[in-house]
Amino acid sequence: MKHYYALTVIGKDKPGIVSSVAKVLYEWDFNIEDSSSTLLRDQFSMILIVSTEKEVGLIDLKKAFAKARKDLQLSISVRKIEVLDEQKQQARHYMISIYGSDKKGIVYKTTKALSDLDINIVDLKTRVSGAKKDIYIMILEVEVPPKVNIGKVNEILDEIAKEMGVDFSIRPVESYNI
């Protein structure tokens, strides 16, 4: 039986973070099943779902990262998670892009509207861009349940776009493979 754990790693960006974390996982016989990492300003962040055939105590696993935590000044958290649901309902995947002036509430109003429709956000990226740092860009990858009409999603996003003075686009993701 596989045992699953979620790890989060955050620290000032520098070489060696990924290899230090991967080394501990390798030495403890973990498999990295899913991961995502990104640079946010000067902070490197990484989230991993890892598995192993043997049950590992959380305290022991946290201690295994002590050297990496100290040497690279990282914040590392670990938690056990339940068996992953492999039979998840087949949702339709879409990319939503929002561009416009940087205004308070863009993320909240958009994500609240999606949540109200039972739409799951699987990836969210935001950036402030432009010469004057006045253009806000938000890219979301979402899972739309079969029961939700995509026309309704378009209507709601259009209302938000008009209210916030931004532009949006929504398009289906043809393939969900990496």
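Every chain begins its residue count from 1, and numbering advances along the sequence as written. Only residues with pLDDT of 70 or above have their local features reported here, since the model is predicted, and side-chain atom pairs are shown and tallied only from 80 upward, although totals for entire chains, interfaces and linings are computed over all residues. Hydrogens and waters are ignored; side-chain quantities use all the structure's heavy atoms.

### Concerning the sheet that holds strand β1 (residues 3–12)
Here is step 1 of the chain: Overall, antiparallel pairing links the four strands, which are arranged β2-β3-β1-β4 in an open sheet. The open sheet terminates on both sides in strands that have one partner only, identified here as β2 (31–40) and β4 (75–81). Averaged over neighbouring strand pairs, the angle between their axes works out to 10° when direction is ignored.
Here is step 2 of the chain: Strand pairing is defined by DSSP finding a minimum of two bridges between the two strands. A run of H or I in DSSP counts as a helix once it spans at least four residues, and a run of E counts as a strand once it spans at least two, with each numbered from the N terminus. Here β2 runs beside strand β3 (residues 43–52); their pairing, made up of nine bridges, is antiparallel. Of the residues in β3, the one forming a bridge with Ser36 is Ile47.
Here is step 3 of the chain: Any two residues having at least one pair of non-hydrogen atoms within 4.5 Å are treated as being in contact. All axes here are fitted lines through C-alpha atoms, helices being fitted over the stretch that makes contact, and every angle between N-to-C directions spans 0 to 180 degrees. Across the face of the sheet, helix α1 (residues 17–27) comes into contact with β1, β2 and β3 while running at roughly 15° to β3.

### As for α1
Here is step 1 of the chain: Turning to α1, its buried residues number three or more, namely Ile17, Val21, Val24 and Leu25. Looking straight down α1, one finds that the buried residues subtend no more than 100° of arc, so they occupy a single side. Facing away from the buried side of α1 by over 90 degrees, the exposed positions are Tyr26 and Glu27.
Here is step 2 of the chain: Check the buried side of α1 and you find it contacts β1, β2, β3, α2 (58–64) and α3 (66–72).
Here is step 3 of the chain: Two residues or fewer after α1 comes Asp29, characterised by a positive phi angle close to 65°. Throughout this description, buried means an accessible area under 20% of the type-specific maximum (1.4 Å probe, protein chains only), exposed means over 50%, and partly exposed covers the range between. Relevant arc is that of directions from the helix axis to the C-beta atoms, nothing else.

### Notes on the environment of Asp118
Here is step 1 of the chain: Residue position: Asp118 is located in the loop between α4 (106–116) and β6 (120–129).
Here is step 2 of the chain: Taking relative accessible area as the criterion, Asp118 reaches 47% and is therefore assigned partly exposed.
Here is step 3 of the chain: Taking C-alpha positions, Asp118 is 26 Å from Glu33, a pair spaced 85 residues apart along the chain.
Here is step 4 of the chain: Setting aside residues no more than four positions away along its own chain, Asp118 makes contact with Pro145 and Lys147.

### Regarding the nonpolar core
Here is step 1 of the chain: What is meant by a nonpolar core is a set of buried Ala, Val, Leu, Ile, Met, Phe, Trp, Tyr and Cys residues, joined one to another through side-chain atoms within 4.5 Å. The biggest cluster of nonpolar side chains holds 22 residues, and the ones touching the most others in it are Ile96, Ile106, Leu114, Ile119, Val142 and Val153.
Here is step 2 of the chain: Ignoring sequence-local partners within four residues, the contact set of Ile96 consists of Leu114, Met138, Ile139, Leu140, Val142, Leu157, Ser169 and Ile170.
Here is step 3 of the chain: Within the second largest apolar cluster, 19 residues are counted, among which are Ile17, Phe30, Leu48 and Leu61.

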